[in-house]
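Architecture at a glance
Chain by chain, the residues:
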Amino acid sequence: MNNDMIKTNCMINQNIILTGDRPTGSLHLGHYVGSLKSRVALQHSCKQFILIADMQALTDNFERPKFIKNNILQLMAAYMSVELNPDKNIFVLQSAIPELAELTIHYMNLVHLGRLQRNPTVKHEIEQKSLENSLSIGFLCYPISQAADITAFKANLVPVGQDQVPMIEQTNEIVRKFNRLYYTNCLKECKPYLSDVSRLMGINGAEKAGKSTNNAIFLNESSKSLKEKVFSMYTDSNHIKISDPGQVEGNVVFAYLDAFYNNIEHLNELKQHYKKGGLGDVYLKKLLFDTLENFIAPVRDKYNQYSNDELLDILRTGTEIARKVAKNTLSEIRQALCLTNFKF
Ligand code: TRP
């Protein structure tokens, strides 16, 4: 099924969507192209839960709980700034739904240790954060808690970046095993919904933009620092004189233009020109700066439009609705596990 078909089906079948973010810092353009953009498009036709995964964030930030707490409303402000409409989405705070934690525990029995250790995303994070010698059980198990998030709301579509695909595979393995073992079909399998540009490289040319590694452009980046970041971008180290032929693949400026510059015809001409030689980096960087400033300026304005009380209210309302759904799912799970046979 391609993305257009999914969009059409959304209207017919009322697809249920769940996505989430860890509240560990400001969202950046990588989040936007990888996932926020899809959410904005899907909000009109689907039932969409957006989860602030504060418990998941604690798995590798347990030493700084205040930092996580302080980022929760920041994340809500970011959602509002890209126009995720509070009337069309259900915003959920993970830690306010203890049912998710219980679901996680039930699923833990169905996952082998080796399977978690082989999860490519987890493996990559362990390396990146140098957790090899201090790996906590909580961190290793976060894919299981993510499976709980997804299944609690019976989501069948998960708009995420490429790096989250292993989490969806893990979720579906749990779903199939649970349904088979306990002769039920109460859990639903889900599919990733990948955007056209599912991974945006970092501004220093690293494979992925990351909030922790300081190589990203934030959604509320000031105009001044946007300019600095764009003009510090790596292009092609062999493109020294304007007349030199330049490389487009792996060139950060072109990667960002690909994601944000809408005049595709013009962009293709620029790429040809650059490859041939005679097109300077400064021209391209100016174009990129204007393109990004156009996108970011209204987002930046909206960032501060809502008060903390308003943001909290939106989050509280959504979480109440979501908790009822999660409670229902948990009671089905408990029934399947024969945990409801005695009345206490
Ligand atoms: N792991 C996601 C991230 O790194 C956040 C997340 C938590 C999530 N629960 C989810 C994403 C459920 C999709 C579905 O940002």
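First, a word on scope: everything that follows refers to the structure included in this document. Only a predicted model underlies this, so the values are computations on that prediction, with no experimental measurement involved. (Residues numbered from 1 in each chain as written. Predicted model: local features only at pLDDT ≥ 70, side-chain atom pairs only at ≥ 80, totals over all residues. Heavy atoms only, no water.)

1. So, the site of the ligand
For the ligand, the set of nearby residues contains 14 residues, the closest of which are Gly20, Gln56, Gln146, Asp149 and Gln164. A distance of 2.9 Å is found between a nitrogen atom of the ligand and a side-chain nitrogen or oxygen belonging to Asp149. Within the side chain of Gln164, one N or O atom sits 3.1 Å away from a nitrogen atom of the ligand. The protein chains hide 90% of the 370 Å² of surface that the ligand would expose on its own. Of all the elements in the fold, those that place two or more residues in the shell around the ligand are strand S1 (16-21) and helix H9 (142-152). If one sorts the elements of the shell around the ligand by residue count, S1 sits on top with 4 residues. Each residue belonging to the shell around the ligand can be placed in one class, and the counts come to 6 nonpolar, 5 polar and 3 charged. (Near = heavy atom within 4 Å. Polar contact = N/O pair within 3.5 Å; in protein donor to acceptor, adjacent residues only side chain to side chain. Areas by Shrake-Rupley, 256 points an atom, 1.4 Å probe, with all protein chains shown as cover. Helix = DSSP H or I, 4+ residues; strand = E, 2+ residues; numbered from the N terminus. Nonpolar A, V, L, I, M, F, W, Y, C, P; charged D, E, K, R; others polar.)

2. Describing helix H12 (residues 252-260)
Of all 9 residues in H12, 8 are buried, a share of seventy percent or more. Regarding H12, the residues found buried are Val252, Val253, Phe254, Ala255, Tyr256, Leu257, Ala259 and Phe260. In this fold, the buried residues of H12 make contact with helix H2 (29-42), helix H13 (264-276) and helix H14 (281-303). Regarding H12, its N-cap is Asn251, as a side-chain oxygen of that residue lies 3.1 Å from the backbone nitrogen of Val253 further along. (Buried < 20%, exposed > 50% of the residue type's maximum accessible area, 1.4 Å probe, protein only. Contact = heavy atoms within 4.5 Å.)

3. Comments concerning the packing of aromatic side chains
Counted under the stated rule, the structure contains 9 aromatic pairs. Taking 5.4 Å as the distance between ring centres and 55° as the angle between the ring planes, the aromatic pair formed by Phe139 and Tyr142 counts as tilted. Residue Tyr142 is classed as buried on the basis of its relative accessible area, which comes to 1%. The ring of Phe67 carries Arg64 above its face, with NZ or CZ at 3.9 Å from the centroid. (Phe/Tyr/Trp six-rings, centres within 6.5 Å; stacked < 30°, edge-to-face > 60°. Lys NZ or Arg CZ within 6 Å of the ring centre and 35° of its normal.)

4. Remarks on the pairing of strand S3 (residues 89-93)
Burial within S3 is extensive, with 5 of its 5 residues counted as buried. By the alternation rule, side chains of S3 split into Asn89, Phe91 and Leu93 and Ile90 and Val92, which are all buried. Across 5 bridges, strand S2 (residues 47-52) lies against S3 in parallel orientation. Bridged to Gln48 within S3 is Asn89. (Pairing = 2+ DSSP bridges.)

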